[in-house]
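The primary structure of each chain is shown beneath.
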Amino acid sequence: MSSTTTVGYLGPKGTYSQLAVLKHFGEDVALKDYSSIDEVFFAVEKKHIDYGVVPVENSTEGAINNTQDCLLDSNLRVVGEEIIPVDHNFLINAGAEASNIRTIASHKQSLAQCRNWIKNNFPGLSQIECSSNAEAATLAQQDSTVAAIAGDMAARIYSLKVAHTGIQDQPHNRTRFLVLSLAETNSTAQDKTSLIIYADNKPGALFRVLEPFDNLRISLTKIETRPSKKEAWEYVFFIDFEGHVKDERVKELFERLDLCTVEVKVLGSYPLAKLG
């Protein structure tokens, strides 16, 4: 990857999104952080950056609705994915002691992922929901009575002391990130494809959508529903499955889906990520 390649991500610096960028692209790229997922999509669409990296789901908290809504409206392609282990730490000001902490700050999802640990170790402390773990790290850097829940990268960037490590309630907590581009990818023989399927609002719609996958022995890796934003009580299916759009069996799948759906939107085919 050339150093002239620019990759945008959901910032600020020190988030798991930045870690996903570095895992996927390495160090030899220019990084640009954005304050919202919508801004990352917009920047790629307008060619302000070459790629965007956004979170799409967490193994314990579920889908990132903002990302799914952007995928509904965008023409960007998904060209890659990364799965990042979520290892939360209890970070405090370098000159502080854990016994002096009065407030815990983090993103609401991170607070939820450490709910039991906080209850068992720091019951009764007030909590501040931040826009990101990096914002929480900034608060801890500025105030010795505030602790942040964030990862190792935030600790390094904001010069914080790690008081406790691995405080997430679920040891196998992971977040999946998508890599966005205006381009497409070629088949690698170990690929995943993401779709959005619009089906008729009729009994048996889900069965008719899933039947071609079963008949063709195509392995589904995810299926979720989301409001279509077109009509009240109308839903779409977000589906991931193993295979590439250029595979002959997948081409047959699309022919069968055309007979039982209103619309199929291909988000992209891309190499399967290795579990982190």
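Structure's up top.
Let me sum up the structure you'll find in this document. If you're wondering where the values come from, they're calculated on a predicted model, not measured in any experiment.

1. A word on the packing of aromatic side chains
Aromatic ring pairs are reported here in terms of the distance separating the ring centres and the angle at which the planes meet. Using the criterion set out here, one finds five aromatic pairs in the structure. When the centroid spacing of 5.1 Å and the interplanar angle of 50° are considered together, the rings of Phe25 and Tyr51 count as tilted. With Phe25 in helix H1 (residues 16-25) and Tyr51 in strand S3 (residues 51-58), this residue pair connects regions lying 26 residues apart in the sequence. Judged by relative accessible area, Phe25 falls into the buried class, the value being 9%. Overall, the relative accessible area of 23% leaves Tyr51 in the partly exposed class. Among the aromatic residues, those joined into a cluster by ring pairs are Phe90, Trp117 and Phe122. Positioned over the ring face of Tyr34 is Lys32, at 5.5 Å from the centre of the ring.

2. Re the environment of Leu10
Within the element layout of this structure, Leu10 appears in strand S1 (residues 6-10). It is 5.1 Å that separates the C-alpha atoms of Leu10 and Tyr34, two residues lying 24 residues apart in sequence. The residues touching Leu10, leaving out its near neighbours within four places in the chain, are Thr15, Ser17, Tyr34, Ser35, Ser36, Ile37, Val40, Val53 and Pro55.

3. A short note on the nonpolar core
Counting residues in hydrophobic clusters, the biggest one holds 23 residues, and the most contacted among them are Phe41, Val54, Leu71, Val78, Leu178, Leu180 and Ile196. Of all the secondary structure elements, the ones that give two or more residues to this core are helix H2 (37-45), S3, helix H3 (65-73), strand S11 (174-181), strand S12 (191-198), strand S14 (235-242) and strand S15 (263-271). When residues no more than four places from it in sequence are discounted, the contact partners of Leu178 are Gly52, Val53, Val54, Val56, Leu71, Val78, Gly80, Glu81 and Tyr270. Ranked by size, the runner-up nonpolar core spans 16 residues in total, among them Ala199, Ala205, Leu216 and Phe254.

4. What about unusual backbone geometry?
A negative phi holds for most residues other than glycine; trans holds for most peptide bonds. Pro12 follows Gly11 through a cis peptide bond whose omega is 0°. Of note, Pro12 is situated in the loop between S1 and H1. The phi dihedral of Lys47 is positive, around 60°, even though this residue is not glycine. Looking at the element boundaries, Lys47 is found in the loop between H2 and S3. Note on Lys47: relative accessible area 66%, which makes it exposed. For Ala189, which is not glycine, the phi torsion reads 80° and is therefore positive.

5. Here's the deal with the sheet that holds S15
Reading across from one edge, S13-S14-S12-S15 is the order of the four strands in this open sheet, with antiparallel pairing throughout. Each edge of the open sheet carries a strand with a single partner, namely strand S13 (220-227) and S15. The average angle at which neighbouring strand axes cross in this sheet is 15°, direction not considered. Pairing of S13 with S14 involves seven bridges; the strand directions are antiparallel. Looking across to S14, one finds that Leu220 is bridged to Phe241. Against the sheet, helix H8 (residues 205-215) touches S12, S13 and S14, its axis set at about 15° to S14.

So, how was this worked out
Residues numbered from 1 in each chain as written. Predicted model: local features only at pLDDT ≥ 70, side-chain atom pairs only at ≥ 80, totals over all residues. Heavy atoms only, no water. Phe/Tyr/Trp six-rings, centres within 6.5 Å; stacked < 30°, edge-to-face > 60°. Helix = DSSP H or I, 4+ residues; strand = E, 2+ residues; numbered from the N terminus. Buried < 20%, exposed > 50% of the residue type's maximum accessible area, 1.4 Å probe, protein only. Lys NZ or Arg CZ within 6 Å of the ring centre and 35° of its normal. Contact = heavy atoms within 4.5 Å. Core = buried A, V, L, I, M, F, W, Y, C linked by side-chain atoms within 4.5 Å. Pairing = 2+ DSSP bridges. Axes fitted to C-alpha atoms, helices over the stretch in contact; angles between N-to-C directions.

Spatial relationships are all this shows, so hold off on functional conclusions.
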